[in-house]
Amino acid sequence: MTNSAFLVGVLSACQFIPILILTLIAGTVIDRFSKRNILLITQSGFLILGAIMTALVFFKVVKYWEILLIALGYGVLQSFDNPTRQSFVFELVGPQDLLNGISLNSSAFNLAKVIGPSIAGILMAKFNITFCFFIDACSYAAVLCGLFFVKNTGAATKIKRQSVIAGITEGLHYVTHTPDVRFSAELMMIICTLNFNINVIIPVYAKTVLHAGSQVFANLLSAVGVGSLIAAFTMSYLAKNGTNRRLYILISLVAVLSQSAMILVHTYGLALIIMVIIGFSNMIFLNQSNASFQYSVPNQLRGRIMSVYVLLNQGSTPIGSLYAGGVMDLTSGLFGFPACGLLALILLLPVMFEHKQLIQQWIKAKE
């Protein structure tokens, strides 16, 4: 609609700005109320927004500003939905199976990432975009049905009466004063800001570098999903051995180096391979970060701790999206991935140097 990589970045930013503003507040709400009921509300909201988007496209009245408003609505709902789903895993599986639960949750999520873009590309090529939005809206009805059948209603955790600000401060204090979690938070601040702008970079890369259309775009997204799915199943298998700190450090470097290497990629086949590697490394990084945040955390703080995780995972995306879109507008789609990867590497090295003693402990420790 806009022929502008920067405006694609603005759209992504509009979806994630509410997460930046509201997620920490949402964490205090999650710790007070039934997580299942919160999910019923948020998923209903997603269904309504999906229906509105379908109608706008079907009647050919869709405008760029309307999409921005819908993206903002999604962002508000995601501020509550994402940390609730992350912390709900603990209530469904319990502490003994938490690592497996995290990995299997990632597997289910990324199976959809593999199937969804592929189907969407086929539907856009064979039919039209309206049909894609319609199916998307209907999918939330399936999620709502699933939630109604969940018997574990997740009773609200009893926490002391305190203001929202005090609740947020308590959660942030835990993150900043727990060495493992603090290091993970700093890694996420860098890598999630710069390495998770795939939805902004891939459409521009596919169009300007590969000179291809929607099907190639969908295939590249699916390749990321394939890598993520392989990683999720791999981590589910390895979860029986507990957290793997050495893998966490290694995969952080692989994540930024793989995106940096995209400066050398000009062919479709090689791009698919690198997308699989990017999806694989990004998913293992998120999996290990998630485990670092959730493992041994006091349950009365779980919602707030996971709201920090979601804030770092998605709330910083507007910065990365605008940066990636701006770089590609000034240069070309070829520089989207490497500009993000190289900057992440530059920022990552001093953080690792600061925590070198903790890293040495992780490397020497028996997993």
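Residues numbered from 1 in each chain as written. Predicted model: local features only at pLDDT ≥ 70, side-chain atom pairs only at ≥ 80, totals over all residues. Heavy atoms only, no water.

### What about the environment of Asn299?
Note the cut-off: Secondary structure counts use DSSP, requiring at least four H or I residues in a row for a helix and at least two E residues in a row for a strand, with both numbered from the N terminus. Residue burial is assigned from relative accessible area. The probe radius is 1.4 Å, only protein chains are included, and a residue is buried under 20% of its type maximum, exposed over 50%, and partly exposed in between.
With respect to the helices and strands, the residue Asn299 is situated in the loop between helix H11 (268–294) and helix H12 (302–315). Given a relative accessible area of 28%, Asn299 falls into the partly exposed group. It is 9.6 Å that separates the C-alpha atoms of Asn299 and Glu91, two residues lying 208 residues apart in sequence.

### A look at the pattern of salt bridges
A pair can form between side chains of opposite charge whenever their charged atoms are brought close. Let me state the cut-off plainly: A side-chain nitrogen of Lys or Arg and a carboxyl oxygen of Asp or Glu constitute a salt bridge if their distance falls within 4 Å.
Enumeration according to the criterion identifies seven salt bridges in this entry. With its nearest N and O atoms 3.1 Å apart, the salt bridge here joins Glu170 to Arg304. Remark: Arg304 occurs in helix H12 and Glu170 occurs in helix H6 (residues 164–177); sequence separation between them is 134 residues. Between Asp180 and Arg245 there is a salt bridge, and its shortest N-O distance comes to 3.3 Å. Here Asp180, found in helix H7 (residues 179–195), pairs with Arg245, found in helix H10 (residues 245–260); they are 65 residues apart in sequence, far enough to count as distant. The exposure class assigned to Arg245 is buried, which follows from its relative accessible area of 11%.

### Here's the deal with a nonpolar patch on the surface
Counted only if it meets this: Each patch is built from residues lacking any salt bridge and having more than 30% relative accessible area; the joining distance is 9 Å for like charges and 5 Å for nonpolar side chains (Val, Leu, Ile, Met, Phe, Trp, Tyr). Note on areas: Shrake-Rupley, 1.4 Å probe, and residue coverage restricted to the protein chains presented here.
A grouping of Leu250, Val254, Leu270, Ile273 and Ile277 is seen on the molecular surface, where their side chains present a nonpolar patch of about 390 Å² in accessible area. Counting residues per element, the ones that place at least two in the nonpolar patch are H10 and H11. Here Ile273 shows up in helix H11.

### Some details on the packing of helix H1 (residues 5–30) against helix H3 (residues 64–93)
Keep this limit in mind: Axis angles are defined between N-to-C directions and span 0 to 180 degrees, where every axis is a line fitted to C-alpha atoms and, for a helix, only to the segment in contact. By convention the crossing between two helices is left-handed if the near helix lies anticlockwise of the far one by an angle smaller than a right angle, and right-handed if it lies clockwise. Under this grouping Gly is polar, as are all residues other than the nonpolar Ala, Val, Leu, Ile, Met, Phe, Trp, Tyr, Cys and Pro and the charged Asp, Glu, Lys and Arg.
Where H1 meets H3, the axes come as close as 7 Å, and the angle between the chain directions of the two elements is 35°. Handedness of the H1/H3 crossing: right-handed. Within the contact of H1 with H3, the residues separate by chemical class into 20 nonpolar, seven polar and no charged.

### Considerations on the UniProt feature "transmembrane region" (unreviewed entry) in the chain
Cut-off, in case you're wondering: UniProt positions are given in the numbering used here, feature names are shortened, and annotations may be inferred rather than shown by experiment.
As recorded in UniProt, the feature "transmembrane region" (unreviewed entry) lies at residues 6–26, 38–59, 127–150, 187–206, 212–235, 270–287, 308–328 and 334–353. The distance from the first to the last C-alpha atom of residues 127–150 is 36 Å, and the span holds 88% helix and 0% strand. Note that residues 212–235 is 92% helix and 0% strand, and that its end C-alpha atoms are spaced 34 Å apart.

### Considerations on the confidence of the model for the chain
The predicted coordinates ought not to be read in detail in places where the model reports low pLDDT. Put simply, the test is: pLDDT expresses, on a scale from 0 to 100, how confident the predictor is about each individual residue.
For the chain, per-residue confidence averages 85 on the pLDDT scale, and residues scoring 70 or more make up 93% of the total. Across the chain, the secondary-structure element scoring lowest on mean pLDDT is helix H4 (residues 98–126), at 75, and the one scoring highest is helix H2 (residues 35–58), at 94.

### Description of helix H5 (residues 129–149)
Spelled out, the test is: What a helix should span is 1.5 Å times the count of its residues minus one. As used in this structure description, the phrase polar contact means that two N or O atoms lie within 3.5 Å; if the pair is within protein, one of them must be able to donate a hydrogen and the other to accept it, and residues adjacent in sequence are counted only when both atoms belong to side chains.
Over its 21 residues, H5 runs 32 Å from end to end, which matches the ideal 30 Å to within 8%, given 1.5 Å per residue. Within the sequence span of H5, burial applies to Thr130, Cys132, Ala137, Tyr140, Leu144 and Leu147. Structurally, the start of H5 carries an N-cap: the backbone nitrogen of Thr130 is 3.2 Å from a side-chain oxygen of Asn128.

### Some points on the packing of aromatic side chains
Let me state the cut-off plainly: Working definition: rings of Phe, Tyr and Trp (its six-membered ring) pair if their centres are within 6.5 Å, and the pair is stacked with planes under 30 degrees apart, edge-to-face with planes over 60 apart, and tilted otherwise.
Per the counting criterion, the structure on display carries nine aromatic pairs. Residues Phe46 and Tyr74 carry aromatic rings whose centres are separated by 5.4 Å and whose planes lie at 20° to one another, so their mutual orientation is stacked. One end of the pair, Phe46, is in helix H2; the other, Tyr74, is in helix H3, and 28 residues separate them in sequence. As far as burial versus exposure is concerned, Phe46 and Tyr74 are alike and both buried. Here Tyr205 and Phe337 contribute two aromatic rings whose centre-to-centre distance is 6.4 Å and whose plane-to-plane angle is 70°, an arrangement assigned as edge-to-face. Of this pair, Tyr205 sits in helix H8 (residues 198–208) while Phe337 sits in helix H14 (residues 336–354); the two residues are 132 residues apart in sequence, bridging distant segments of the chain.

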